[in-house]
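# Secondary and tertiary structure notes
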Amino acid sequence: MSRSRGRRAASRPRRRAVPPLRFTLPTVLLLTLLATLLLRGLVTNEVFHDARINVSVDKDTVPPALLTGGPVIDARGPGDPKSYRAEDHTMALTFDDGPDEVWTPQILDVLAQYHAKATFFVTGSMVTRHPDLIRRILADGHEIGLHTFTHPDLTLQSDRRITWEMAQTQLALAGVAGVHSALFRPPYSSDASALDDLTWPVVKKLADRGYVTAFIDEDTDDWKRPGVDAIVAAATPKQPGSGHIVLMHDAGGDRAQTVAALKIVMPRLQSEGYRFTTVSESVGAGTSMSKVDGFQLWEGKLFLGLAHAAVFVMPALIVLLAVVGTLVFGRFALMLFLSVKHARRTRRRTFSWGPPVTEKVTVLVPAYNEQECIANTLHSLTDSEHPIEVIVIDDGSTDDTVAIVEGLALPGVRVISQPNSGKATALNTGIAHATHDLIVMMDGDTVFEPSTVRELVQPFADPRVGATAGNAKVGNRDSLIGAWQHIEYVMGFNLDRRMYDELGCMPTVPGAVGAYRRVALEQAGGMSEDTLAEDTDLTMALHVNGWKVVYTENARAWTEAPGSIGQLWSQRYRWCYGTMQAMWKHRGAVLASGPAGRFGRVGLPLVALFMVLAPLLAPLFDVFLVYGVLFVDAPKTFTAWLTVLVVQLVCAGYAFWLDKEKPWHLISLPLQQLVYRQLMYLVLLQSWITALTGGRLRWQKLKRTGEVDVPVAV
Amino acid sequence: MPRHEETLQLRSPWVTRPVVQEQPPAPIVERVVIHPEAAAKAVFVDQSGRRGRALRGFGWIAGVACAGFAATALTTVAGSNAQAPAMPVPSPTANSAVLGESGTASPSPSPAAAGATGRPSATGKPTGRPSATGTGAAATGTAKPTGTPKATPSGAGAADTTTTSAKPGQTTPAPGARAASPHAATSAAKPR
């Protein structure tokens, strides 16, 4: 990018065919996360779950013979539908809703003990989650029939949903065991006489796809757990010798009674000459299952593998979400607790920094093209109650800034002009020309109150204090963006500052309103240019050198916050990336001793956790929110989101009260949670990417090393 | 402090003159000529671009892998082929009582069939028996309705086998007629 343009000129990157990786990769990652959640939710019956049961209706359209016929209904083909029943002395035990990892093995053991065969009507979700059980069922010689994927009442579902349920269950079976089945039993079914105008069309539709529907003769109601004797009685045919298809369950609750009943009823019936066999065999159809190969087999295996991966990954995601939640709420708790402490301490009548500070102070005003604001700024300074000298450092402005200042002809105001070299250099120039020992730094568009400078410098009565941070307030707070930033300044920045003041590790003195001791500045080497957040860098250097940095809530300054998303983006990008740079630059403090060590071991980790790590994980929160609202349970998810919002509202309300701000701007807090928060973590994400890839941002001027120049990151 | 600096002072800045002046001293504008040394390096910046290129490559691989996972996952869940495999038709055997299209029942030779069970059944031949539609089951007594309270006048004599438990028969509508099986859902705790 051309260096000859001023540092604020926006340079457009050339158009690319594909959006750059730094935008596509995070989007793809988040969408993949959502897909993983969906897949896992599908096989655990969390999404698309329909628990409704329909009522029975009339039977006008059902062929009457079916109502009086056997439970196995074959409506395939163009002819009349036929129903079949089990032969005499044949029991077809059927187990619905399985397989289940606790009960199915027990049932299989009992069946094996009595050399019996049975039929398992399995749900696709359980098949996916317990492939080994399916394989064992087949290895033991039993039959498998379909019982849909998510166990909905099919009469309430659309054709597409019904098709999907069957197809997905077949796919799951194919992937698990390489077979598919033509036997089907609808959820919530009973015997053939219960066919009605709603259930018969479903049976017919599925028969058109080749399914044979198997209802039952006997329902043991074992899922109600009526007692072993009741189950045994229900399973025993009333007319000895008649063949039956019996319904039991191997999943969905405690099936101990079922297992116990089996152990009683099977030997008893076998002694009466019954044989236990599969449904297909009991009606003389051989088997309903056949092998799958080719594409469907591989698609099935793929589905199984992906589903297992999704289920496997989920606990890790939950842990991360818990981490974010803990960090967010922990920060609130810490902020509130420490702010209360700070307010109590500094507002006590007996509190004092020491003898009043009355010495003259230098105020540095770095200005670059501030013709609109510089007059207001300077006038506010001349109203100051404290004696000051003002130095305006003109950083190579191309507009009328200098002319305006000259025209004002205010006493005690000097202008130093330098070629455009950046704010850090401008401040260093100002420091070099300052004649007093206390230096206040502000921005060219900040407006001070008359008491600001005085309040700002009182803490210097304590010789350990090296810098003080003032209370920056958003002036243009009536627009939506302004209101969001206003909330952020009051809650985020100022509540944060109280917390960090109590902990003795304030990471940033705001560039808009801060005061320093000259000796501390000289000790730290002035402002450095190797980070974009020179104020944070300087503050951290002061900590490392053992100076105290405190917060003065009464030193108010009014700044003009960025009014458009673009400007906000720029500002926050610089701040965020700059803060990361400064933290990395001073990372040695973690191992240092004394006050530097205290900052390194308390301040740096806190800043890292709350400003750099937690926001990076915040998208997870939004992914889960979208997943919950769209696919699982909108009201519950919404309630959870509201709870978090209420907590934040309470915190923000307290912050506003502490700062004596009127609370009505808090109305925009809900919207802030939906838009502003996402903007901030986009900024953080981009900062991370820039930091990791080593790109140079356009605001940083670096010496050319002669190697290939790094493309400027936007 | 900036290292390379020359200051040209146009006027001496801060001399307090004892002479009372009518106007306050005009603000002083100093033009400073400095030669700012561009920072030799900034934190994180890798001027050679090596780290950036390496990470970019890795990023593309990760992106393609994730996109592939998501696309495949969504395809396998599309649920396209619902067709059932071929299954042999349960076939009646010669010995079993079969309902012909005309509706005549063939006699059931098996003694077991006639009485106790109340319905004709095959003599142990493993075939089910189709009940033809439209035949007057009651008249011939061969068809055994399940779950109906009407007694079959076939040689059964035996009361209607209540093969259905707790089912009041098809005349009663509503939930009683449906065996509500519990659904197999074991939903994991919802993450929040």
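Conventions we followed
Residues numbered from 1 in each chain as written. Chains lettered and ligands numbered in written order. Predicted model: local features only at pLDDT ≥ 70, side-chain atom pairs only at ≥ 80, totals over all residues. Helix = DSSP H or I, 4+ residues; strand = E, 2+ residues; numbered from the N terminus. Buried ≥ 20, exposed ≤ 12 C-beta atoms within 10 Å, placed from the backbone. Contact = placed C-beta atoms within 7 Å. pLDDT = per-residue confidence, 0-100. Axes fitted to C-alpha atoms, helices over the stretch in contact; angles between N-to-C directions. Left-handed = near helix turned anticlockwise from the far one by under 90°. Nonpolar A, V, L, I, M, F, W, Y, C, P; charged D, E, K, R; others polar. Pairing = 2+ DSSP bridges. Right-handed = clockwise from strand over helix to strand, strands pointing away.

### Observations regarding the overall build of chain A
Scanning chain A from N- to C-terminus turns up 22 helices and 22 strands. Overall, chain A is about 115 × 60 × 50 Å in size when its C-alpha atoms are taken along their principal axes. The buried share of chain A, taken over its 714 residues, is 53%. Long-range contacts, defined as pairs at least 24 residues apart, comprise 80% of the intrachain contacts of chain A with a sequence gap of at least 6.

### Some remarks on the overall build of chain B
A count of helical and extended segments in chain B gives 3 helices and 2 strands. When the elements of chain B are put in sequence order from the N terminus, they spell out β-β-α-α-α. Within chain B, contacts between residues at least 6 apart in sequence are counted, and of these 50% link residues at least 24 apart.

### Let's talk about unusual backbone geometry
Residue and element names in this part refer to chain A. Residue P99 is bonded to the preceding G98 through a cis peptide linkage, with omega at -15°. Tracing the sequence through the fold places P99 in the loop between β3 (90-98) and α3 (103-113). The phi torsion at A409 lies on the positive side, around 50°, for a residue other than glycine. Tracing the backbone through its elements, the reader meets A409 in the loop between α13 (401-408) and β15 (413-418). Under the C-beta neighbour-count criterion, A409 is labelled exposed, with 12 such atoms within 10 Å. A positive phi angle is found at K660, which is not glycine, with a value near 60°. For K660, the location among the structural elements is in the loop between α21 (634-658) and α22 (669-693).

### With respect to the confidence of the model for chain B
Residues and elements named next belong to chain B. Mean pLDDT over chain B stands at 55; residues scoring 70 or higher make up 29%. For residues 1-11, every residue scores under 50 in pLDDT, and the model assigns this stretch 22 contacts once sequence neighbours within four places are set aside. In the predicted structure, residues 93-192 sits below a pLDDT of 50 and forms 223 contacts with residues beyond four places in sequence or in another chain.

### Looking at the confidence of the model for chain A
Residue and element names in this part refer to chain A. Summary statistics for chain A give a mean pLDDT of 89 and a share of 96% for residues scoring 70 or more. The low-confidence segment residues 1-10, where pLDDT is below 50, has 9 contacts with residues more than four positions distant or belonging to other chains. In the predicted structure, residues 706-711 sits below a pLDDT of 50 and forms 13 contacts with residues beyond four places in sequence or in another chain.

### Notes on the packing of helix α1 (residues 21-43) of chain A against helix α1 (residues 50-76) of chain B
In contact at an axis separation of 9 Å, α1(A) and α1(B) are set at 30° when each is read in the N-to-C sense. Handedness of the α1(A)/α1(B) crossing: left-handed. Residues L21(A), T24(A), L25(A), V28(A), L29(A), L31(A), T32(A), A35(A) and L39(A) of α1(A) touch α1(B), and the partners they reach there are R56(B), G59(B), W60(B), A62(B), G63(B), C66(B), A67(B), F69(B), A70(B), A73(B) and L74(B). Counted by class, the contact of α1(A) with α1(B) contains 15 nonpolar, 4 polar and 1 charged residues.

### A word on the pairing of strand β14 (residues 388-395) of chain A
Residue and element names in this part refer to chain A. Burial of β14 is extensive: 8 of the 8 residues sit out of reach of the surface. Side-chain alternation along β14 places I388, V390, V392 and D394 on one buried face and E389, I391, I393 and D395 on a second face that is also buried. With 7 bridges connecting them, strand β13 (residues 361-367) and β14 associate as parallel partners. Opposite V365, over in β14, you have V392 as the bridge partner. After leaving β13, the chain enters helix α12 (residues 374-382) and then returns to the sheet as β14, a path that is right-handed. Pairing geometry for β14 and β15, over 6 bridges, is parallel. In the strand pairing of β15, I391 is matched with R414.

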